[in-house]
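Architecture at a glance
These are the residues of each chain, in order.
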Amino acid sequence: MKGGLSFVDYELTLLKSLGKMSKKRVVVTGLGALTPIGNNVEEYWNALLEGKSGAAPITNFDASKFKTRFACELKNVDIDGLIGRRLARRIDPFIQFAIISSDEAVKDAGLAEIEDKERIGVMFTSGIGGLTSLQEEITKFATGNGVPRYNPFLVPKMIIDAAAGHISIRNGFKGLSCAVVTACASSTHAMSLAYDQIRLGRADVIVTGGAEASITQVGVGGFNALRALSTNNDNPEAASRPYDQNRDGFVLGEGSGTIILEDYEHAKARGAKIYAEVAGSAITADAYHQTAPHPEGEGAERVIRLAMENAGLTPELVDYVNAHSTSTSLGDAMEVKAIQNALGEHAYKTNISSTKSMTGHLLGAAGAIESIACILAVRNNIVPPTINLDQVDEVFDQNLNFTANKAQKREVRTALNNNFGFGGHNSSIIFKKFEE
């Protein structure tokens, strides 16, 4: 190359850089959670182990005319007390949730003590974003005199990248700040890409995760129209029941999860607490249908295989799979088939559970809170259960361990989290025990 490296020298330099990247280790140094079963990480984890359901009649709005009249809402959260009334009024609930869980994670990781904020990034997302704010403003316009007097904060409240922006501004983090949106796989994609950014040396620390606030008339009505939601209004607590023969759809949830990913050497140098290590991740597409999963689970199987390959793991080293399973007939069956095909005979020795049976489906935030469950399972050697599993559907292999109804103690060396989104988006991330 004229005025620079020769092509051969360029290739050698690139290969050396990639070699260095592959040796970088990424660890988890902070966690934050705001969920329907717990308003911080400790409450959330304890509720998971207790098998607590977060489902109850909807209080966010009058749902009496809807096919589904229950959801997994947040409970007893003092938004104004946690982030201040002035800020709370200017942002959508999904941003409020994102800030609350991120405040917990940032404090947990001790990021305020790091002087170089230019090396701290934010990759935070949502599947839908500011649905509450959009609905409120359109309703005001439709029921008013037709004058388009929209709230000047509507667009900043509505856009999905606003959560990342607020987290960055609140903490002075000046590294990358962005959002990746892939429906219900959004936060798992965000974690996977954050992991790659740290391995590439583009950041020392990234605040990542997702938030969702879609329990609104539009959210519930829209998913009802898709016939995706459970209509078990008489017994909400038992409505989210992955793998069970009587499952009839998912339960909508809301909340946020934040995970602090950090370069191991950076974490070690500052004496940070380390929960676990990111072993590997992968992203694939079904390229099949906008809303239905591939019936044979081809894309899901491939993403699990690629995540294991990226992590350098063989199937027999996967101890726990936190499944995406949402209680839909097609989705649950597809994923179980994918897990069995990817893990082979070892699938019978692996614990599988769906914590959505307790939290409901947090859409774009699902991967974040479920990854926290994986990280704590690895740290504490206990697998949270799939509750409401009274009779495993006959379409599933009865010899698989779905961790029915009670948490199970076992050695958890690695935990794999799956999440899939409308559009055929698939993502898996694997966490493993941290060792020096």
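First, a word on what this report is: a plain description of the structure on this page. (Residues numbered from 1 in each chain as written. Predicted model: local features only at pLDDT ≥ 70, side-chain atom pairs only at ≥ 80, totals over all residues. Heavy atoms only, no water.)

Turning next to helix α15 (residues 366-380). Helix length check: α15 (15 residues) gives 21 Å between terminal C-alpha atoms against 21 Å at 1.5 Å per residue, within 8%. Across the 15 residues of α15, 13 count as buried, placing the element largely inside the fold. Backbone geometry just downstream of α15 places N381 in the positive-phi region, at approximately 55°. (Helix = DSSP H or I, 4+ residues; strand = E, 2+ residues; numbered from the N terminus. Expected span 1.5 Å × (residues − 1). Buried < 20%, exposed > 50% of the residue type's maximum accessible area, 1.4 Å probe, protein only.)

Our next topic: the pairing of strand β4 (residues 120-125). Counted residue by residue, β4 has six buried out of six residues, so it is predominantly covered. Bridge count between β4 and strand β6 (residues 205-212): six bridges; the pairing is parallel. By the bridge assignment for β6, V122 is matched with V207. Examined bridge by bridge, β4 and strand β5 (residues 177-178) share two bridges and lie parallel to one another. (Pairing = 2+ DSSP bridges.)

Right, let's talk about the sheet that holds β4 for a bit. For sheets, the rule is that strands pair by backbone hydrogen bonds, running either parallel or antiparallel. Read from one edge to the other, the open sheet built from ten strands follows the order β5-β4-β6-β7-β1-β8-β14-β13-β9-β10, with strand pairing classed as mixed. The open sheet has two free edges, formed respectively by β5 and β10 (351-353), since each of these has just one partner strand. As defined by bridge partners, strand β8 (residues 276-285) adjoins strand β14 (residues 425-432) across eight bridges and the pair is classed as antiparallel. Pairing of A285 across the sheet is with H425, part of β14.

This next bit is on a nonpolar patch on the surface. Together, I138, F141 and Y150 line one region of the surface with nonpolar side chains, adding up to about 260 Å² of accessible area. One can find F141 in helix α6 (residues 131-143). (Patch = residues over 30% accessible without salt bridge, like charges linked within 9 Å, V, L, I, M, F, W, Y side chains within 5 Å. Areas by Shrake-Rupley, 256 points an atom, 1.4 Å probe, with all protein chains shown as cover. Salt bridge = Lys/Arg side-chain N within 4 Å of Asp/Glu carboxyl O.)

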